[in-house]
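Coordinate analysis (summary)
The lines below spell out each chain.
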Amino acid sequence: MTYSSILTREEYLLILSCSNADLNKDALDELVRSKLDWDFIFLSGIKHKVLFTVYFNLNKYGLLDTALNKGNLPLILLNHWKQLHYINLNRNHLILSESAKLESYFAKNNILCCITKGGPRLIGDIYDIEERKMYDIDFIGNKEDYYNIDEILKKQGYDHKSYEFKTNELKETDKEDIKKWLLLTRGLPNYVKHMENLSNDLFIVQLQFRFGSANDNKHIKANDLLSRISIKNNTFFIPTEVVAIQLASHIHRETTEREFDDWNMNWNLVKFLDFQRYIDKYFTTELQWNELFKMAESINYTNELLYSVFYTKSIFQSKNLELVYSYLDSNNSNDRYHLLSSEFALKQISKVSKSNFKPSKKWDGFMGSRST
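These remarks concern the structure in this document. (Residues numbered from 1 in each chain as written. Predicted model: local features only at pLDDT ≥ 70, side-chain atom pairs only at ≥ 80, totals over all residues. Heavy atoms only, no water.)

Once that is clear, we can look at the overall build of the protein chain. When its secondary structure is counted, the protein chain shows 19 helices and ten strands. Buried positions account for 53% of the 372 residues belonging to the protein chain. A fraction of 73% describes how many contacts in the protein chain between residues 6 or more apart in sequence connect residues 24 or more apart. When the accessible surface of the protein chain is split by element, carbon and sulfur atoms take 48% of a total near 17800 Å². (Helix = DSSP H or I, 4+ residues; strand = E, 2+ residues; numbered from the N terminus. Buried < 20%, exposed > 50% of the residue type's maximum accessible area, 1.4 Å probe, protein only. Contact = heavy atoms within 4.5 Å. Areas by Shrake-Rupley, 256 points an atom, 1.4 Å probe, with all protein chains shown as cover.)

This is how it looks when you write it as structure tokens:
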């Protein structure tokens, strides 16, 4: 299977090529010299949350100049893209600093509440700080530690609030809604506060006590991951298997729950890219694959892991992921999910966004400030 045989537009080929760690510079050079719909690339980059990944890699290999001078990249679009790139870079520095500060407070108080996925965990590891956008700071914690976690966050200026675009103000979240979140969902409404250096922007903290999909009611307690994490010298030591399981869970949940389809977030590329880069960095031997499989097996999560590996390898066609999938599949004794063809994943990521979605009132009154 080749990308060109499945993808409906060359623009998607450019986005995937720029996201892939095994970037083919010569093929990309040829592609940026052709006539492309750069408006479509820009908007698709936003939808898939890889806008700055595309920019970073084109810039890294000098291909923005090639696209501008030899192709048809509009100068006005490039100027806006460059400005947004530097805004995002400044924002990333602030979020990384805030993330480290919050984690240190939890570690110093011996509270197992830490970051196991998302930009704050992955930037500096599998991404350059310029390469990925960050939306929020994802913590997992034990429900039993809720009051201690809540106290620390509120001392740092955070609270449950929702953002109103018209007034640029934060609105208090109803206490009854917070109770509903604790009883009925995986965690709590977002904690938010204004950034000091970017007064119109927000730090957003998500706190989850469980992970997994709500579709099959297969919530898994965060402690199944946290029990494998240790604190030494006020620092969290997080096994790579914990991060990998969280990244796999992110893919499985968002591609199977209807709400994410409604929000055009179900097959966005960034979560597959997170997973592909992480697996290809930390899980390259049979011993490492076995450790990952044993952890998934211990929490009855092998099918979800296989699901995420299968569709990720379908999109990025990584040789290592092919080997990981074969190993996991040969060891899995559970009844398998019905997995569609590899082409299915590529068709999903190249679908045009819906434009007529209206959020349900039930969810509107329940979400607080959204970060995506």
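Next, the rest of the story.
Let us look at the packing of aromatic side chains. Under the definition given, this model contains 17 aromatic pairs. Summarising the aromatic geometry, the rings of Trp267 and Phe272 are spaced 5.4 Å apart at their centres and angled 15 degrees between planes, so their arrangement reads as stacked. Residues Trp267 and Phe272 agree in their burial class; the two are buried. Ring geometry for Tyr311 versus Phe344: centroids 5.9 Å apart, planes at 55 degrees, classification tilted. On the criterion of sequence distance, the pair formed by Tyr311 in helix α16 (residues 302–316) and Phe344 in helix α18 (residues 342–349) is long-range, its members being 33 residues apart. (Phe/Tyr/Trp six-rings, centres within 6.5 Å; stacked < 30°, edge-to-face > 60°.)

Core analysis: the largest hydrophobic core is formed by 105 residues, its most contacted members being Leu14, Trp38, Leu58, Trp81, Phe106, Phe139 and Ile245. Not counting residues within four places of it along the chain, the set of residues in contact with Ile245 comprises Phe211, Leu225, Leu292, Met295, Ala296, Ile299 and Tyr301. (Core = buried A, V, L, I, M, F, W, Y, C linked by side-chain atoms within 4.5 Å.)

What follows is about α16. Between its first and last C-alpha, α16 extends 21 Å over 15 residues, near the 21 Å set by a 1.5 Å rise per residue. Of all 15 residues making up α16, 15 are buried, and the element is well covered by its neighbours. Of the residues one or two after α16, Gln317 is the one with positive phi, at around 50 degrees. (Expected span 1.5 Å × (residues − 1).)

Counting buried positions along strand β6 (residues 202–208) gives seven out of seven residues, so the element sits mostly inside the fold. Here β6 shows a buried face lined by Leu202, Ile204, Gln206 and Gln208 and a second buried face lined by Phe203, Val205 and Leu207. Bridge count for strand β2 (residues 137–141) against β6 is four bridges, and the pairing is parallel. Pairing of Asp138 across the sheet is with Gln206, part of β6. (Pairing = 2+ DSSP bridges.)

Let us now look at the sheet that holds strand β3 (residues 159–164). One open sheet holds the six strands; their spatial order is β1-β2-β6-β5-β3-β4, and the pairing between them is mixed. For this open sheet the edge positions go to β1 (113–115) and β4 (169–172), each flanked by a neighbour on one side alone. Ignoring which end each strand starts from, the neighbouring axes of this sheet average 40 degrees apart. Here β3 pairs with strand β5 (residues 191–194) via two bridges, running antiparallel. From the neighbouring strand, Asp159 faces β5, where its bridge partner is Val192. (Axes fitted to C-alpha atoms, helices over the stretch in contact; angles between N-to-C directions.)

For the rest of this paragraph, the subject is the pattern of salt bridges. Under the definition given, this model contains 15 salt bridges. Note that Glu151 and Lys155 form a salt bridge whose closest N and O atoms lie 3.6 Å from each other. One end of the pair, Glu151, and the other, Lys155, are both in helix α9 (residues 146–155), four residues apart, so they sit about a helical turn from each other. Taking the relative accessible area as the measure of exposure, Glu151 reaches 43% and is therefore partly exposed. Look at Lys155 and you get exposed, because its relative accessible area is 62%. Close ionic contact of Glu254 with Lys271 constitutes a salt bridge, the shortest N to O distance being 3.0 Å. Taken together, the positions of Glu254 in helix α12 (residues 240–256) and Lys271 in helix α14 (residues 270–282) put the pair 17 residues apart, joining distant regions of the chain. With respect to burial, Glu254 and Lys271 carry one shared label: buried. Each member of the salt-bridge network shares a partner with another, and the members are Glu98, Lys101 and Lys193. (Salt bridge = Lys/Arg side-chain N within 4 Å of Asp/Glu carboxyl O.)

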